[in-house]
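Notes for the structure review
Here's the letter readout for the chains.
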Amino acid sequence: MANVLRNSAKFGFSGVLSQLSIHSRHGRECVSPCFSLQQRNNSTSPKIKVDLDNSTGVAVLRMQSPPVNSLSLDFLTEFCINLEKLEMDKSCRGLIITSVSTHTHTHTDTDTVTQSHKTMIHTITPPVCVVSQTLSKVSSTGLDIITLPVCVCVCVCLVSQTLSKVFSAGLDIMEMYGKSPERCGEFWKAVQEMWLKLYGSNMATIAAINGSSPAGGCLMSIGCDYRIMADNPRYSIGLNETQLGIVAPFWFKDTLVNTVGNRAAELSLELGLLYSAPDALKIGLVDQLVPEDQVLSTAQDTMSKWLAVPDHARQITKSMMRKQTIDKLLSNREADITNFVSFITKDSIQRSLRMYLEMLKSRKA
Ligand SMILES: CCCCCCCC/C=C\C/C=C/C(=O)SCCNC(=O)CCNC(=O)[C@H](O)C(C)(C)COP(=O)(O)OP(=O)(O)OC[C@H]1O[C@@H](n2cnc3c(N)ncnc32)[C@H](O)[C@@H]1OP(=O)(O)O
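None of these values were measured; they are calculated from a predicted model. (Residues numbered from 1 in each chain as written. Predicted model: local features only at pLDDT ≥ 70, side-chain atom pairs only at ≥ 80, totals over all residues. Heavy atoms only, no water.)

**Focus: the overall build of the protein**
For the protein, the helix and strand inventory stands at 13 helices and 15 strands. Among the 365 residues that make up the protein, the fraction classed as buried is 50%. Contacts in the protein between residues far apart in sequence, at least 24 positions, make up 75% of those at least 6 positions apart. Summing over all exposed atoms, the protein offers an accessible surface of approximately 16900 Å²; the carbon and sulfur share of this is 56%. (Helix = DSSP H or I, 4+ residues; strand = E, 2+ residues; numbered from the N terminus. Buried < 20%, exposed > 50% of the residue type's maximum accessible area, 1.4 Å probe, protein only. Contact = heavy atoms within 4.5 Å. Areas by Shrake-Rupley, 256 points an atom, 1.4 Å probe, with all protein chains shown as cover.)

In structure tokens:
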């Protein structure tokens, strides 16, 4: 654990804080007024909202990065900053990770608000739309020209964007497709960092899985100490990398083996299985199923049991269980990055990723 914390210190606050105003994949931008608003709400970054209850010592970290909470470099950076802050806050002993179902985003100054399939105008505070006009926009396929109503607003508008019913869709595939080797390396380092911080956390951690959780989303879930999943037939969870034509790295595999055992992990990884909630419970991939509206409250009740155990005893035991797995990555980090970069930039792998992306988009059409 100490190693993990020492390592994470490399991810200095100043460096990461400076990244808080960069563009997301969806072209939105967080500007400083948005950040200060988040701070008042006990939140630390635009893609992630954190509420720490000082009376219980339990923080709830809500992922709020539409459309599917995919793990982009920006997202991972924010995730790590938040984890590091909570880790250093002695009053925080437990962490619940979940997804919000609605995302509120703040726009300032002159701003353009469009209505698309997943964006709607939620609230506009005065002074409101001063110009109404028509905007022509090329769709994401690049083929159709669609005409959308648009409001050009001055001053502040609040826009609400709905998240899909996902916990996290895993690594952002766009971070692995068509990117330079340098950028891929930077991205992979952030994925490693996220896992090292979470799997090695001194806090008791519970994943409150209120949506689908494939691949990297599953990794985040099994990086926690306990998993509670919504009993919803639409949701699935698993390390499905082989279905994308890619290979789960050894530390994804090790985390899965530590969770479900060798045989179940072997079947699961080779076939790239995504499990329904009941099947995930059967193999021990999740620990408990509850009705969707009880996921968070159950996580909070469960957390109180975890926190009834003296911290030092629980932490030393956790370290004893996980240290070997963590050390294996720590002593192979650079080689793991090199492997990832050379694997992901291969033409054949890029082709697989392109086909997978096309499949995701055509499924929607
Ligand atoms: C030799 C050994 C060397 C070792 C090298 C190691 C290499 C290993 C590398 C990486 C490991 C990879 C880990 C990963 O996590 S890969 C990501 C896997 N994720 C998935 O497969 C999930 C894909 N998504 C879905 O199945 C669905 O989107 C959903 C179930 C999560 C949600 O469904 P739904 O609500 O119907 O939403 P849409 O499908 O309509 O999606 C909305 C929108 O979002 C885009 N999108 C979805 N998932 C991702 C993603 N992971 N990354 C980026 N974008 C994503 C989707 O395309 C839609 O986009 P739009 O059409 O533009 O709106």
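Structure shown, so let's carry the discussion forward.
**Considerations on the sheet that holds strand β3 (residues 94–99)**
Taken together, the 6 strands give an open sheet; going across it, the order is β1-β2-β3-β10-β12-β15, and neighbouring strands pair in mixed fashion. The open sheet is flanked by β1 (48–53) and β15 (288–290), the only strands paired with a single partner. Neighbour to neighbour, the strand axes of the sheet diverge by 20 degrees on average, direction disregarded. Of the strand pairs in this sheet, strand β2 (residues 58–63) and β3 are connected by 6 bridges, and their pairing is parallel. Counted as the bridge partner of R62 is T98 from β3. (Pairing = 2+ DSSP bridges. Axes fitted to C-alpha atoms, helices over the stretch in contact; angles between N-to-C directions.)

**Remarks on helix α11 (residues 311–330)**
Its 20 residues give α11 an end-to-end C-alpha distance of only 25 Å, which falls more than 12% under 28 Å, the value for a rise of 1.5 Å per residue. Most pronounced at R322, the bend in α11 amounts to some 55 degrees. Along α11, the positions that sit buried rather than exposed are R314, K318, S319, R322, T325, I326, L329 and L330. (Expected span 1.5 Å × (residues − 1). Bend = angle between axes of the 7 residues up to and from the residue.)

**As for the packing of aromatic side chains**
Applying the stated criterion across every chain, the model contains 8 aromatic pairs. Ring geometry for W188 and F252: centres 6.2 Å apart, planes at 10 degrees, overall stacked. Pair noted here: W188 is in helix α5 (residues 181–199) and F252 is in helix α7 (residues 250–260), with a separation of 64 residues, a long-range link. The two residues W188 and F252 agree in class, both being buried. (Phe/Tyr/Trp six-rings, centres within 6.5 Å; stacked < 30°, edge-to-face > 60°.)

**Overview of the site of the ligand**
Around the ligand there are 31 residues in total, and A169, L171, G216, Y356 and K364 lie nearest to it. Within the backbone of I173, a nitrogen or oxygen atom sits 2.9 Å from a nitrogen atom of the ligand. Taken by itself the ligand offers 1200 Å² of open surface, and the protein chains cover 83% of this. The element that contributes the greatest number of residues to the shell around the ligand is helix α13 (residues 347–364), accounting for 5 residues. Partitioning the shell around the ligand into residue classes produces 18 nonpolar, 6 polar and 7 charged. (Near = heavy atom within 4 Å. Polar contact = N/O pair within 3.5 Å; in protein donor to acceptor, adjacent residues only side chain to side chain. Nonpolar A, V, L, I, M, F, W, Y, C, P; charged D, E, K, R; others polar.)

**Focus: the environment of S91**
Structurally, the position occupied by S91 is in the loop between α4 (73–88) and β3. Assessed through its relative accessible area of 34%, S91 is described here as partly exposed. Through-space distance from the C-alpha of S91 to that of A190 is 26 Å; in sequence the pair is 99 residues apart. Contact partners of S91, with chain neighbours within four places excluded, come to L52, N54 and G57. Of note is the side chain of S91, whose polar atom sits 2.6 Å from the side chain of D89.

**Some thoughts on the pattern of salt bridges**
This model, assessed by the stated rule, comprises 18 salt bridges. As a salt-bridge pair, D225 and K318 come within 3.0 Å of each other at their nearest N and O atoms. Here D225 is found in the loop between α6 (216–222) and β12 (226–230), whereas its partner K318 is found in helix α11, with 93 residues between them in sequence. Accessibility assignment for this pair places D225 and K318 in one class, buried. The structure contains a network of salt bridges with shared partners spanning E84, E193, K197 and R333. (Salt bridge = Lys/Arg side-chain N within 4 Å of Asp/Glu carboxyl O.)

**Focus: α7**
Taken together, the buried positions of α7 are occupied by W251, F252, D254, T255, L256 and V260. Against the buried residues of α7 lie α5, α6, α8 (262–271), α9 (277–283), α11 and α12 (333–344). One or two positions beyond α7, positive phi appears at G261, with a value near 90 degrees.

**Quick notes on the packing of α7 against α8**
Two numbers describe how α7 lies on α8: the axes approach to 7 Å, and their chain directions differ by 135 degrees. The angle between α7 and α8 falls in the class oblique. Here the hand of the crossing between α7 and α8 comes out right-handed. Mapping the contact onto sequence places K253, L256, V257 and V260 in α7 and N262, A264, A265, S268 and L269 in α8. (Parallel < 35°, antiparallel > 145°, perpendicular 65-115°, else oblique. Left-handed = near helix turned anticlockwise from the far one by under 90°.)

**What about the state of the cysteines?**
Enumeration according to the criterion identifies 0 disulfides in this entry. With no disulfide partner, C80 has as its closest neighbouring cysteine sulfur the one in C224, 13 Å distant. You can see C224 has no disulfide; the closest cysteine sulfur is in C218, sitting 11 Å from it. (Disulfide = S-S within 2.5 Å.)

**A look at the environment of A59**
Structurally, A59 is set in strand β2. Relative accessible area serves as the criterion here: at 0%, A59 is assigned to the buried category. Separated by 241 residues in sequence, A59 and Q300 place their C-alpha atoms 9.8 Å apart. Leave out the neighbours within four places in its chain, and A59 touches V50, D51, L52, L86, C92, G94, L95 and I96.

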